[in-house]
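# Chain and residue survey
So you can see what is in the structure, the chains are spelled out below.
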Amino acid sequence: MNIPEPATYNMEAHISASSLQNFPDQQPQAALQMALASSGLGWWNWNLVTNKTYFDPQWKHILGYQREEITNAYESFEKLVHPEDLWKVQQVLQEYLQGCTPKFEIEFRMLAKSGEWKWILSGGCVFEWDEFGKPILMTGTHRDITQEKLFQESLQQDKKQEQLLAEAQIKEKSAQLQITQRQLLQNDQMANLGQIVVEMANEIYHPVNFIYDNFHPTSQYAEELIKVIELYQYYYPKPNSEITSYLQEFDFSLIKTDFLQLLWSMQSGSERLQEIVSALRNFSNLDADKMQKSNLHEGLDSVIRILQHRLKEKPDRPGIEVIKEFGELPLIDCYPGELNQVFMNILNNAIDALEERMKQDYSLIPQIFIRTEVVSSHLSLVTSNESHRVDNQLGKKQKVVIHIYDNGKGILPHIKRRIFEPFFTTKAMGKSKGLGLAISQQIIVEKHHGKLRCNSQLGQGTEFVIEMNTTARHYADMRRHANF
């Protein structure tokens, strides 16, 4: 395909061989070079027949070379082009020479004398053809656009970083929304479950109380009846034959002893049942989702009673001992239902950790330590292990600190950094959704403006420290900071 001559360009159709090798006269060429240099452009001419090229001093200066350091040959140009860009330059050039594109213009990298790669914007056009319309001479300019490229790359990098930041924020908000949705669903499920549990506990509470309250008089009646029988045996050692025959069918001494033991065992069982029902009623209190003054020790005791089925001895492991060291805590303003949920999550994790370690260490004596104390408001036990006495001065603000420690296997540092992340879990699939500690942190930090921290050492155990103010902030302030 031939490239048509520009309409504004008029020249003879026949070009002599000598004219193919000649370039513009020296004076106009020098003026042109000065004009191009002042505009930062390098000038080049290319004879497509002889492959001879002309690179003006400014063209070479752009790359840091002296005039004599680059020979005027097309091969010199190709040697300086970046290997990854050379094929693209050749392709664009061929498309132009074949008439596929109206002009030749391309950006590519060239090797400077300093060893760095400079970005060049090159543009040119054919200005002479032979009698058959075949391109003979081509001219054009080079311009260093390295700084522009760097600026564009900087803008693109900034834009990419902004995009990544926006995506990260969206991802974080999405995760936060998922947590909130799951928590709302969980709260709704807990509320429905709590309603059922409370109703069931109330249904059980009264019959259990009836049984428990009547054990004492029943035991007294049984003892009195046994005493009457013993008196009959003493004063009438030889009863008639019918009574003698009946007494021979069973061991009265054994029945007498066993009957009282049965009554005492039933009384003990009813007391345990009464404790469980009381714990369920306390844990599932329908008003527990409202801010109110609450006794944290009652909440902890309720959770421990509910978890007795996990704490007690089992065929494949010993029982887990819970050691309580409760300080004198005041009633604190809180959401007791949600705090009970936090206690449940932490204690369940502690039991899981102990069970995991007991599979490897059969000599382990599994223990969970729960310690509560009050410290002055300006002190923080979340970042310090130093103990402080309660300051009972009037008007002095105080904080409640709860330590829950287990002597399980501990947590690896890289895992500990992620334990409060939503959906992060090291447990088997289906056993945990990875939301327990994330929700617990939200409840403590965002709803109660407290602190929740994990201290752990591999092989030594894990401690969770909860720190809260004894009095709540103003309601409007809490609503402003709350996320759910």
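See the structure above.
What counts as what
Residues numbered from 1 in each chain as written. Predicted model: local features only at pLDDT ≥ 70, side-chain atom pairs only at ≥ 80, totals over all residues. Heavy atoms only, no water. Helix = DSSP H or I, 4+ residues; strand = E, 2+ residues; numbered from the N terminus. Buried < 20%, exposed > 50% of the residue type's maximum accessible area, 1.4 Å probe, protein only. Contact = heavy atoms within 4.5 Å. Patch = residues over 30% accessible without salt bridge, like charges linked within 9 Å, V, L, I, M, F, W, Y side chains within 5 Å. Areas by Shrake-Rupley, 256 points an atom, 1.4 Å probe, with all protein chains shown as cover. Salt bridge = Lys/Arg side-chain N within 4 Å of Asp/Glu carboxyl O. Pairing = 2+ DSSP bridges. 1 Å grid on protein atoms, 1.4 Å probe; cavity = no way out; pocket = protein on both sides within 12 Å on 5 of 7 lines; lining within 4 Å. Points joined across faces, edges and corners; volume = space filled by probe spheres on them. Nonpolar A, V, L, I, M, F, W, Y, C, P; charged D, E, K, R; others polar. Core = buried A, V, L, I, M, F, W, Y, C linked by side-chain atoms within 4.5 Å.

A few words on the environment of S122. Relative to the helices and strands, S122 is located in strand β4 (residues 117-129). Of the residues examined, S122 reaches a relative accessible area of 2% and is grouped as buried. C-alpha of S122 to C-alpha of G140: the two residues are 18 residues apart in sequence and 7.2 Å apart in space. Setting aside its immediate chain neighbours within four residues, S122 contacts W44, F104, E105, I106, F108, T141 and H142.

Nonpolar side chains collect at one region of the surface, where V228, L231, Y232, Y234, Y235 and Y236 lie side by side and expose about 760 Å² of accessible area between them. Relative to the assigned elements, Y236 resides in the loop between α5 (146-235) and α6 (241-248).

With eight bridges connecting them, strand β3 (residues 104-111) and β4 associate as antiparallel partners. Residue pairing for β4: F104 is matched across the bridge by G124. Following β3, the chain reverses through five residues before pairing antiparallel with β4; G115 in that reversal takes a positive phi of roughly 95 degrees. Of the pairings in the sheet, the one linking β4 to strand β5 (residues 135-144) comprises nine bridges and is antiparallel in character. Bridge pairing in β5 links I120 to D144.

Summed over all chains, the structure comprises two cavities of 30 Å³ or more. What lines the largest cavity is a set of 13 residues, among which W44, W46, Y74, F77 and F104 lie closest to the centre. Listing elements by their share of the lining of the largest cavity, those giving two or more residues are β1 (41-47), β2 (53-55), α3 (74-80) and α4 (83-97). The element contributing the most residues to the lining of the largest cavity is β1, with three residues. Residues that form the lining of the largest cavity fall into these classes: nine nonpolar, four polar and no charged.

With that settled, consider the nonpolar core. Residues L296, I346, L347, I368, F464 and I466 are the most contacted members of the largest nonpolar core, which totals 43 residues. Elements supplying a minimum of two residues to this core: α8 (296-306), β8 (332-334), α10 (336-358), β9 (367-376), β10 (398-406), α12 (436-447), β11 (451-457) and β12 (461-469). For this core, the element with the highest residue contribution is α10, accounting for 10 residues. Once residues lying within four places of it in the same chain are set aside, the contact partners of I466 are V342, F343, I346, V400, V401, I402, I444, K451 and L452. Counting 25 residues, the second largest nonpolar core, distinct from the first, contains W44, W46, W59 and Y96.

Another aspect to go through is the pattern of salt bridges. Under the criterion given, the structure shown has 15 salt bridges. With a closest N to O distance of 2.9 Å, K113 and E69 form a salt bridge. Placement of the pair is K113 in the loop between β3 and β4 and E69 in the loop between α2 (57-62) and α3, with a sequence separation of 44 residues. By relative accessible area, which is 36% here, E69 ends up partly exposed. Note that E421 and R418 form a salt bridge whose closest N and O atoms lie 3.0 Å from each other. Under the relative-accessibility criterion, E421 is labelled partly exposed at 32%. Linked by salt bridges that have partners in common, R310, R317, D352 and E355 make up one network.

Without other data, these values stay purely geometric and don't point to any function.
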